Amino acid sequence: MKVLLTNGSPHEEGCTYTALCEVSAALNQNGIDTDIFWIGKKPLSGCVACKSCVRNNRCVFSDVVNEFLDIAGDYDGYVFGTPVHWGGACGSMTSFLDRVFYADLQGGGKRFLLKPAAAVISARRAGTTATWDQVNKYFGLMQMPIITSRYWPIVHGACPEDVRKDLEGMQTMRILGANMAFFLQCRELGIKMGIPLPKQEPAVFTNFIRERE
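The paragraphs below set out a description of the structure included in this document. Since the model is a prediction, treat every value here as computed from it, not as a measurement.

## Some thoughts on helix H5 (residues 128–141)
Each full turn of the α-helix corresponds to 3.6 residues, which orients residues three or four apart in the same direction.
Then, in step 1: Spanning 14 residues, H5 covers 21 Å between terminal C-alpha atoms, matching the ideal 20 Å at 1.5 Å per step.
Then, in step 2: If you follow the buried residues of H5, they end up packed against strand E3 (77–85), strand E4 (88–89), helix H4 (91–106), strand E5 (117–123) and strand E6 (154–156).
Then, in step 3: Among the residues trailing H5, glutamine 143 stands out with phi positive, at a value near 60 degrees.

Following this line, the structure appears as structure tokens:
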């Protein structure tokens, strides 16, 4: 089993990366392989609602989003890390998540279905819990079990050295990794025992009380 950890910070080895590495180490200690995927610092367009992903199962824009989609289905769990910018997830990470999950959903929604996910939030001071709520909404819509820790999975600091001094934050990251490993092992055991994944019903779309035509 393996988990893909995504670093949404424009800094490749900054505070968010430091937190993700602590989660990754805990996963490794519990027998789960990991890779870290950095979205980079190039500008990322938001979703333009062109619906090309319905036909292609990937985004119409050829950038890091499709690089991620090409490999994402091979993983058993996911951790998405983002810094806090203006009280929410950073702009590039928001565009990335919008397009990744919309492309998968419109293309059949099979890459992430019932695979566990977790959000890791890094901030100097404020906006962490609001950002955690924001990112978790993606997982909820994609039918992805949300993995939690002893505390909300957040770290504080203005630089990696500060984050390492956030002892409670680092512990929270380790517990998050251990909890995800436990869930993955339980999921794998259940599948081996013949417990099927829930049957998926055809999607029904309504606008308030009227069915969409």
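## Some points on the environment of glutamine 185
Then, in step 1: In this structure, glutamine 185 sits in helix H7 (residues 167–192).
Then, in step 2: Once the C-alpha coordinates of glutamine 185 and methionine 1 are considered, the two residues, 184 residues apart in sequence, prove to be 8.5 Å apart.
Then, in step 3: When residues no more than four places from it in sequence are discounted, the contact partners of glutamine 185 are Met1, Asn30 and Ile32.

## Notes on the nonpolar core
As a rule of thumb, nonpolar side chains are buried together in soluble globular proteins.
Then, in step 1: Phe68, Phe80, Phe96, Phe101, Phe112 and Phe139 are the most contacted members of the largest nonpolar core, which totals 35 residues.
Then, in step 2: Those elements giving two or more residues to this core turn out to be helix H3 (64–72), E3, H4, E5 and H5.
Then, in step 3: Residue contributions to this core peak at six residues, all from H4.
Then, in step 4: Counting residues in hydrophobic clusters, the runner-up holds 20 residues, among them Leu5, Leu20, Ile32 and Met180.

Reading the values: rules and limits
Residues numbered from 1 in each chain as written. Predicted model: local features only at pLDDT ≥ 70, side-chain atom pairs only at ≥ 80, totals over all residues. Heavy atoms only, no water. Helix = DSSP H or I, 4+ residues; strand = E, 2+ residues; numbered from the N terminus. Expected span 1.5 Å × (residues − 1). Contact = heavy atoms within 4.5 Å. Core = buried A, V, L, I, M, F, W, Y, C linked by side-chain atoms within 4.5 Å. Buried < 20%, exposed > 50% of the residue type's maximum accessible area, 1.4 Å probe, protein only.

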